[in-house]
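# Observations on the three-dimensional arrangement
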Amino acid sequence: MKIEVLYFAWLRERIGLGRETVETEAETVADLLDELRAREERYALALSDMASVRVAVDQELTTVDAPLKGVREVALFPPMTGG
């Protein structure tokens with residue numbers, strides 16, 4: 001299946017893309033992240049500490065255990081701070 005993956009803030013800077021379409025067989029967000037990390041070192045480094053990354057699936061906040069069946073978009077972003 002094809003999923004649009006969106007990267008925000010420092011993830012976008014480290015990976016070098018704001019978004020990309022990914023062809024995947026992943027069943028969960030965690031599986032997708034494993035596939036991305038295995039692609040290149042820049043993905044592995046950017047996605048190495050998921051404790052500091054939030055996940056949204058089709059614009060709904062969720063966890064890395066979320067299933068991907070029928071999903072069109074996965075967004076990855078650091079927590080927002082206010083000021």
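Here the structure is a predicted model, which is why all the values come from computation and not from measurement. (Residues numbered from 1 in each chain as written. Predicted model: local features only at pLDDT ≥ 70, side-chain atom pairs only at ≥ 80, totals over all residues. Heavy atoms only, no water.)

### Brief notes about the sheet that holds strand 5 (residues 73-77)
Sheet strands pair via backbone hydrogen bonds, and the direction of the pair is either parallel or antiparallel. Which entries qualify depends on this criterion: Strand pairing is assigned whenever DSSP detects at least two bridges linking the two strands. Secondary structure elements follow DSSP: runs of H or I of four or more residues count as helices, runs of E of two or more count as strands, with numbering from the N terminus. To obtain an axis, a line is fitted to C-alpha atoms, over the contacting stretch when the element is a helix, and the angle between two such axes runs from 0 to 180 degrees between their N-to-C directions. Here, residues are in contact when the closest pair of their heavy atoms is within 4.5 Å.
Read from one edge to the other, the open sheet built from five strands follows the order 2-1-5-3-4, with strand pairing classed as mixed. What marks the edges here is a single partner per strand, and that holds for strand 2 (19-23) and strand 4 (60-62). Each strand of the sheet is rotated relative to its neighbour by a mean of 30 degrees, with strand direction disregarded. Looking at chain direction, strand 3 (residues 54-57) and strand 4 are connected through three bridges and run antiparallel. What sits directly across from valine 57, in strand 4, is glutamate 60. Across the sheet, helix 2 (residues 29-39) is in contact with strand 1 (2-7), strand 2, strand 3 and strand 5; its angle to strand 2 comes to roughly 105 degrees.

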